[in-house]
Amino acid sequence: MNTMFARENPKRTRNMAIGGGGLALLLLICCCCVALIVVVFVDPFQLNFLDRILGGPESVAQAMPADTGLYLGVNVVNATPDKISRLIKPFAKVIKEQTGSETSDDLLKELDKTLDDQLGLTITDDVMPWIGQYIGIGFLDIEFSSYGSIEDGRVIVAIEARDKKKADEFLIKLQEGAARASGDDFITTEYQGVTIFIHDTDPSAQTAFCRSGSLVLFARNEIDLQVAIDAQKGDSLAKSKSYGNIVKMLPRERAVTFYMTSAQAEDVINALERSMGSAVAPGFSLSTTQLSGWSETAMSVSIVDAGLQLDSVMVYDLAELSETQRAMMESAGAAPQTDSLFPQGTLVYLVGHRLDLGWQMARSMLAESATMADFDEAMQMFESQYGVNPDTDLFPYLNGEFAMGLIPASEGIMAEQSHVNLGFLALAKTSDAGALMNTVDGLSSKLTEMGMTLESSPMGDGSFYLFADPYSGIPMLAYGVGKDHLMMGSDLSVLSGVVNGQPSLAQSDRYRQVWKAFPSGTQPVMYVDVGGLLGVFREGLTDYSLESFNEFAQFVEPIQYLAVGGTALKNNVARSTMIVFIPGE
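Rules of the game
Residues numbered from 1 in each chain as written. Predicted model: local features only at pLDDT ≥ 70, side-chain atom pairs only at ≥ 80, totals over all residues. Heavy atoms only, no water. Salt bridge = Lys/Arg side-chain N within 4 Å of Asp/Glu carboxyl O. Helix = DSSP H or I, 4+ residues; strand = E, 2+ residues; numbered from the N terminus. Buried < 20%, exposed > 50% of the residue type's maximum accessible area, 1.4 Å probe, protein only. 1 Å grid on protein atoms, 1.4 Å probe; cavity = no way out; pocket = protein on both sides within 12 Å on 5 of 7 lines; lining within 4 Å. Points joined across faces, edges and corners; volume = space filled by probe spheres on them. Contact = heavy atoms within 4.5 Å. Phe/Tyr/Trp six-rings, centres within 6.5 Å; stacked < 30°, edge-to-face > 60°. Pairing = 2+ DSSP bridges. Core = buried A, V, L, I, M, F, W, Y, C linked by side-chain atoms within 4.5 Å. Axes fitted to C-alpha atoms, helices over the stretch in contact; angles between N-to-C directions. Parallel < 35°, antiparallel > 145°, perpendicular 65-115°, else oblique. Left-handed = near helix turned anticlockwise from the far one by under 90°. Nonpolar A, V, L, I, M, F, W, Y, C, P; charged D, E, K, R; others polar.

Asks: An account of the pattern of salt bridges is requested, with residue identities and associated values reported.
Replies: The tally for this structure, following the rule as stated, stands at nine salt bridges. Where Asp126 meets Lys173, a salt bridge forms, and the shortest distance between an N and an O atom there is 3.1 Å. Highlighted residues: Asp126 in helix H6 (residues 123-127) and Lys173 in helix H7 (residues 164-182), separated in sequence by 47 residues. Residue Lys173 is classed as partly exposed on the basis of its relative accessible area, which comes to 33%.

Asks: Requested: an account of the layout of surface pockets, with residues and values cited.
Replies: Empty space within the second largest pocket amounts to approximately 610 Å³. Every residue lining the second largest pocket is counted, 25 residues in all, and those nearest its centre are Val76, Ala79, Pro81, Ile84 and Met128. Looking at the lining of the second largest pocket, the elements that each hand over two or more residues are helix H3 (81-88), helix H5 (104-119), H6, strand S2 (131-144), strand S8 (254-261) and strand S9 (294-303). Examining the composition of the lining of the second largest pocket, we find that five residues originate from one element, H5, more than from any other.

Asks: Can you lay out the side chain of Ser490 for me, pointing to particular residues and giving the numbers?
Replies: In this fold, Ser490 is placed in the loop between strand S17 (485-489) and helix H18 (492-500). Judged by relative accessible area, Ser490 falls into the buried class, the value being 1%. Sequence-distant contacts of Ser490, defined by excluding residues within four places in its chain, comprise Glu411, Gly412, Gly423, Phe424, Pro475 and Met476.

Asks: How would you explain the environment of His199 if you had to name every residue and give the values?
Replies: By the element assignment, His199 lies in strand S5 (residues 194-199). What makes His199 buried here is its relative accessible area of 11%. Distance in space between the C-alpha atoms of His199 and Ala178 is 8.4 Å, their sequence separation being 21 residues. Non-local contacts of His199, meaning those with residues more than four positions away in its chain, are made with Ser182, Asp184, Asp185, Phe186, Gln206 and Thr207.

Asks: Any chance you could break down the packing of aromatic side chains for me, citing the residues and the numbers?
Replies: In the structure shown here, the tally under the stated rule is 18 aromatic pairs. Between Tyr349 and Tyr511, the aromatic rings sit 6.3 Å apart at their centres with planes inclined by 80 degrees, giving edge-to-face as the arrangement. Residue Tyr349 is found in strand S11 (residues 348-353), and its partner Tyr511 is found in helix H19 (residues 509-516); the two are separated by 162 residues along the sequence. Judged by relative accessible area, Tyr511 falls into the buried class, the value being 3%. Seen in terms of ring centroids, Tyr511 and Trp515 are 6.1 Å apart; in terms of plane orientation they differ by 75 degrees. Their pairing is edge-to-face. In this pair, Tyr511 and Trp515 are both assigned in helix H19, four residues apart and thus about one turn of the helix distant. Judged by its relative accessible area of 14%, Trp515 falls in the buried class. Through a chain of ring-to-ring contacts, three or more aromatic side chains come together here, namely Phe342, Tyr349, Tyr511, Trp515, Phe518, Tyr527, Tyr561 and Phe581.

Asks: Provide a residue-level description of the pairing of strand S6 (residues 208-212), including the pertinent values.
Replies: When you tally the buried positions in S6, you get four out of five residues, the bulk of the element. Note that S5 and S6 share three bridges and pair antiparallel. Within S6, the position partnered with Ile198 by the bridge is Ala208. Where S6 lies against strand S7 (residues 215-219), five bridges are found, and the strand directions are antiparallel. Among the inter-strand pairings, Arg211 is bridged to a residue of S7, identified as Val216. Between S6 and S7, which pair antiparallel in sequence order, lie two residues; one of them, Gly213, sits at a positive phi of approximately 65 degrees.

Asks: So what's going on with the nonpolar core? Which residues, and what values?
Replies: In terms of nonpolar packing, the biggest core is built from 30 residues, with Tyr71, Ile196 and Leu217 touching the most fellow members. Elements that contribute at least two residues to this core include exactly S2, strand S3 (150-161), S5, S6, S7, helix H8 (222-233), helix H9 (241-247) and strand S10 (307-316). In terms of nonpolar packing, the next biggest core, distinct from the first, is built from 28 residues, Ala403, Leu427, Val494 and Phe518 among them.

Asks: I'd like a rundown of unusual backbone geometry, residues and numbers included.
Replies: A negative phi holds for most residues other than glycine; trans holds for most peptide bonds. Despite not being glycine, Arg354 has its phi angle at roughly 60 degrees, a positive value. Structurally, the position occupied by Arg354 is in the loop between S11 and helix H13 (355-367). With relative accessibility at 24%, the residue Arg354 sits in the partly exposed group.

Asks: Break down the environment of Leu308 for me, citing the residues and quoting the values.
Replies: Position of Leu308 relative to the elements: it lies in strand S10. Taking the C-alpha atoms as reference, Leu308 lies 9.9 Å from Leu562; in sequence the two are 254 residues apart. For Leu308, the residues in contact, after removing those within four places along its chain, are Leu87, Val301, Ser302, Ile303, Met578, Ile579 and Val580.

Asks: I'd like to hear about the packing of helix H20 (residues 530-540) against helix H21 (residues 543-553), residue by residue, with values.
Replies: To characterise two packed helices, one gives the angle between the axes of the helices and the distance between these axes. Here H20 crosses H21 at 160 degrees, and the two axes come no closer than 10 Å. By the criterion of interaxial angle, the relationship of H20 to H21 is roughly antiparallel. Considering the relative orientation of H20 and H21, their crossing is left-handed. Residues Leu534, Phe537 and Arg538 of H20 lie in contact with H21, whose contacting residues are Leu546, Phe549, Asn550 and Ala553. Considering only residue class, the contact of H20 with H21 consists of five nonpolar, one polar and one charged.

On their own, these measurements won't tell you what the molecule is for.
Here is the structure:
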């Protein structure tokens with residue numbers, strides 16, 4: 001018998017079910033991806049997921065006006081008690097002696113007790129339940145006195161609130177505690193739908209605070225809080241393209257972010273200049289020398305495996321840089337060569353490039369002021385007395401890498417008089433060793449004519465000179481030209497090691513290990529073996545001197561190394577990194 005419908009194939013039915021389930025799963029995944037894209041990129045709830053992931057502007061920067069000149073932000077997630085304890089534990093002994101506390105928990109307990117006594121609230125019970133990932137402080141305006149000290153300023157403090165209800169409870173409790181402690185009332189006002197609490201007291205001592213959206217805000221007055229609320233809904237530092245770009249160049253794991261514009265820095269440096277009583281010289285300003293060409297800078301502090309890492313990014317306007325400045329900054333990216341000439345046991349090593357360009361920059365700045373004539377006269381007087389002109393016979397030849405440092409040494413002025421086995425070494429590369437040698441020989445001849453006793457010693461391809469104290473015979477300075485370098489040291493034996501070859505700093509395992517901790521492309525600028533340096537001092541000092549030294553040393557003893565590295569100017573940006581090496585226990 002024929003039937004209208006054939007019997008369904010079970011295998012085909014199962015395949016359709018699997019296919020339908022797969023299609024549903026695929027649609028579900030697509031919907032989740034769309035939702036994720038909306039939440040992360042469109043950010044309808046202002047959760048700032050993308051910035052949190054990529055290390056961009058903190059959410060609290062939304063409360064800072066776009067023209068904020070100085071900003072400090074803290075990422076609480078990257079500064080947890082465990083991370084902070086890892087850093088301060090090696091200093092526990094000295095911290096306990098100075099504060100009576102031993103751990104970050106002890107410090108928090110003391111702070112809680114103080115706040116409870118004064119305001120009836122604590123960090124642990126009243127702040128921790130609502131505080132979010134970010135805390136920020138913006139300085140809108142800083143007023144300096146005629147003496148350079150801070151006289152007044154406008155400040156906004158913003159704290160992210162992950163629990164708005166608990167944040168509101170904290171603010172109520174805070175205003176009640178502050179009113180009770182001061183005896184002054186609080187005024188409550190409304191602005192843009194936000195309730196603002198204002199301490200009703202002398203305007204110079206006012207405090208105002210509120211919760212605006214997901215941020216708890218503090219300021220000195222109502223007007224500055226209104227500025228912060230407006231920034232949240234309009235132009236803010238967080239929306240500034242330049243600020244966003246520069247902070248993304250900093251490490252994602254940073255705990256602290258610092259940002260400053262060149263205009264704000266100029267105000268600070270000029271105030272510093274006033275605090276010193278006068279300008280360095282007529283027509284010559286510190287702000288001119290320190291701010292030339294750069295527009296803004298950002299810095300950060302991160303807690304890393306090695307210890308504490310500080311990074312800086314500086315953005316330059318190339319149109320404002322002279323060719324000399326640009327060439328000098330670009331030379332900073334070269335890998336050092338002098339670390340292969342310094343001895344393996346070097347304790348302090350500083351390296352740079354192009355003393356000739358640095359000298360040219362100084363001359364150019366002086367030429368714009370009334371001091372250039374005095375400078376030329378000083379050079380001529382030096383030449384008439386010592387036979388060489390530093391401006392024409394010395395610095396133009398120092399056109400390569402230069403370095404200086406402290407090394408273990410048993411001879412020389414430092415070792416003989418302080419009884420600490422330390423010497424010094426300085427090197428400067430030249431492309432014209434013959435001309436530089438003529439300068440050194442000419443200077444030495446003139447010094448001999450003046451009655452100074454110089455010991456001449458052939459070494460390598462040139463002659464080296466030693467000036468010793470005429471009464472004690474203690475070596476004061478050894479100098480000469482060798483291996484295409486101007487060399488100066490605490491004794492001839494120090495220079496002999498460079499000329500004749502010796503195990504070098506570049507071959508040191510500890511030196512190489514230090515630089516492995518730095519970001520890729522970073523070149524050495526400074527290296528300090530803190531532990532080794534402290535050890536050398538302890539070996540040479542006795543009695544009261546040793547006791548005084550140990551009083552100081554306890555504050556830095558947990559630090560093993562201190563190192564700074566940098567990069568060349570690239571895409572208008574120069575970077576530097578400093579790491580304080582604090583071994584964990």
